[in-house]
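Each chain, written out:
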Amino acid sequence: MPPPIWKGAEKWATIPVRLRNKMKGVRAIHVMDREADNFELLALLMKQRLHFVIRGGAERRVRPSSVTGLERISDRLAESDIVLKRRVRLTARSQPKNPHPMRGERDATLSLRAARVTLQPGVHLCPPQLTLNVVEVLELRPPPGEEPINWVLFTSEPVGTPEEVASVVDHYRARWRIEEYLKALKTGCAIEKRQMTDFDSLKRVLALFIPIAWHLLALRSLAHATPSPPASSVLSPVQVTVLRALAAKRRHHLAENPNVSDALLAIAALGGHLKRNGEPGWITIGRGYDELHSATAVWL
């Protein structure tokens, strides 16, 4: 079965004109992982003229080249020139994550190339073929014993210049931030535990928790920045004052002008986090944020 995003794509056509006009100047780009490598989904996105970057498989069949007769995306990409190289720091993977093995932290030199291909569907699918752009990110010389990095990205976006190819890759890299946002919403805000039973109720709950999840993500993201900015960049002066008072009740000292990292630890402590246990998780951050919000309301 195709991914559930299908339903969202189909509803785009029903958005009122007045709302579409408000969105002028904003380009929404669907970013999806390899579970969305589905011909019918890609065809629907193209039909609706929606923008997307979707991770796919290099072994997909394409229309054979009139010159070489090549029939796989991997073959077609191998014909393309490397247009850009990037050196990036790869984080360690302490546990195997199917289908990826464990790996150590290291630097990797990634090569980027692109091609325009026409996908061939399976039998009985419509349309009979689909033309789109493909970007590949590959590590040509991985260390001995390490699995090379290799992404294949299907996209509606242009890939005519190195800058455009890099932009497609950056769109896909944003997927990890999106995943963190969804964790803030589902785990930090416990959205699934609200047990809404109909769509209208779910919409109302989301209207309340979406800005809270954004605020939690901003706190956690800025806490990891170097240097960490002042807490006043994401918390109001009253929230900082209340947080300092709550920390003092627990015999913790919060500086007069704390940074976001210190504030996040103080918030997580309200939710039960112990500093010796490492980085706080979404559950303790969410609990602490809820207590800070309630205490601020009382303070005011």
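Residues numbered from 1 in each chain as written. Predicted model: local features only at pLDDT ≥ 70, side-chain atom pairs only at ≥ 80, totals over all residues. Heavy atoms only, no water.

Draft legend 1. Here's a closer look at the overall build of the protein chain. Scanning the protein chain for helices and strands turns up 10 helices and six strands. Within the protein chain, buried positions represent 36% of all 300 residues. Summarising the internal contacts of the protein chain: among those between residues at least 6 apart in sequence, 55% fall at separations of at least 24. (Helix = DSSP H or I, 4+ residues; strand = E, 2+ residues; numbered from the N terminus. Buried < 20%, exposed > 50% of the residue type's maximum accessible area, 1.4 Å probe, protein only. Contact = heavy atoms within 4.5 Å.)

Draft legend 2. Representation of unusual backbone geometry in the model. In this model, Thr226 is joined to Pro227 through a cis peptide bond whose omega is -5°. Tracing the sequence through the fold places Pro227 in the loop between α7 (199–223) and α8 (237–249). Positive phi, close to 60°, is recorded for Arg49, a residue that is not glycine. Tracing the chain through its elements places Arg49 in the loop between α3 (39–47) and β2 (51–55). According to the relative accessible area criterion, Arg49 is exposed, its value standing at 75%. Of note in this structure, Gln195 is not a glycine but carries a positive phi near 55°. Relative to the assigned elements, Gln195 resides in the loop between α6 (175–188) and α7. With a relative accessible area of 66%, Gln195 lands in the exposed category.

Draft legend 3. Looking closely at the nonpolar core. Counting residues in each nonpolar core, the largest one holds 32 residues, and the members touching the most others are Leu216, Leu219, Leu235, Leu243, Ile267 and Leu292. Excluding its chain neighbours within four sequence positions, the residues that come into contact with Leu292 are Gln239, Val242, Leu243, Leu246, Ile267 and Leu270. Core analysis: the next-biggest nonpolar cluster, separate from the first, contains 22 residues, Phe39, Leu41, Ile73 and Val152 among them. (Core = buried A, V, L, I, M, F, W, Y, C linked by side-chain atoms within 4.5 Å.)

Draft legend 4. Highlighting the packing of α7 against helix α10 (residues 282–299). Interhelical geometry of α7 versus α10 gives an angle of 115° and a closest axis separation of 11 Å. Relative to α10, the element α7 lies roughly perpendicular. Handedness of the crossing formed by α7 with α10: right-handed. Contact residues: Ile212, His215, Leu216, Leu217, Leu219 and Arg220 in α7; Trp282, Ile285, Gly286 and Tyr289 in α10. Residues that form the contact of α7 with α10 fall into these classes: seven nonpolar, two polar and one charged. (Axes fitted to C-alpha atoms, helices over the stretch in contact; angles between N-to-C directions. Parallel < 35°, antiparallel > 145°, perpendicular 65-115°, else oblique. Left-handed = near helix turned anticlockwise from the far one by under 90°. Nonpolar A, V, L, I, M, F, W, Y, C, P; charged D, E, K, R; others polar.)

Draft legend 5. Broad picture of α8. In a regular helix each residue adds 1.5 Å, so 13 residues correspond to 18 Å; α8 covers 19 Å between its end C-alpha atoms and thus fits that length. Those residues of α8 lying buried are Gln239, Val240, Val242, Leu243, Arg244, Leu246 and Ala247. Packing partners of the buried residues in α8 comprise α7, α9 (260–270) and α10. (Expected span 1.5 Å × (residues − 1).)

Draft legend 6. Expanded view of the sheet that holds strand β4 (residues 106–119). One open sheet accounts for six strands, arranged β1-β2-β6-β5-β4-β3; its pairing is mixed. The open sheet has two free edges, formed respectively by β1 (29–32) and β3 (84–90), since each of these has just one partner strand. Taking the axes of each pair of neighbouring strands and ignoring which way they run, one obtains an average angle of 25° across the sheet. In the sheet, β2 pairs with strand β6 (residues 150–155) via three bridges, with the strands oriented antiparallel. Looking at β6, one finds that Val53 is bridged to Thr155. (Pairing = 2+ DSSP bridges.)

Draft legend 7. Seen up close, the side chain of Arg244. The residue Arg244 is located in helix α8 in this model. Despite its burial, Arg244 pairs with no opposite charge, the nearest such side chain being Glu256 at 4.2 Å. Ignoring any residue separated from it by four or fewer positions in sequence, one finds Arg244 in contact with Leu254, Ala255, Glu256, Asn257 and Pro258. (Lys, Arg positive; Asp, Glu negative; His and termini not counted. Salt bridge = Lys/Arg side-chain N within 4 Å of Asp/Glu carboxyl O.)

Draft legend 8. Just the environment of Ala43, in detail. Inspection of the secondary structure puts Ala43 in helix α3. Through-space distance from the C-alpha of Ala43 to that of Pro127 is 7.2 Å; in sequence the pair is 84 residues apart. Setting aside residues no more than four positions away along its own chain, Ala43 makes contact with Pro127 and Leu130.

Draft legend 9. Focus on the environment of Thr226. Its location among the elements puts Thr226 in the loop between α7 and α8. According to the relative accessible area criterion, Thr226 is exposed, its value standing at 79%. Sequence-wise, Thr226 and Ser261 are 35 residues apart; in three dimensions their C-alpha atoms are separated by 9.9 Å.

Draft legend 10. Structural context of α9. All of the buried residues in α9 are Val260, Ala263, Leu264, Ala266, Ile267, Ala268 and Leu270. Buried-residue contacts for α9 involve α7, α8 and α10. Among the residues of α9, the N-terminal cap falls to Asn259, whose side-chain oxygen and the backbone nitrogen of Ser261 are separated by 3.2 Å. Gly272 lies just past α9 and shows a positive phi near 105°. (Polar contact = N/O pair within 3.5 Å; in protein donor to acceptor, adjacent residues only side chain to side chain.)

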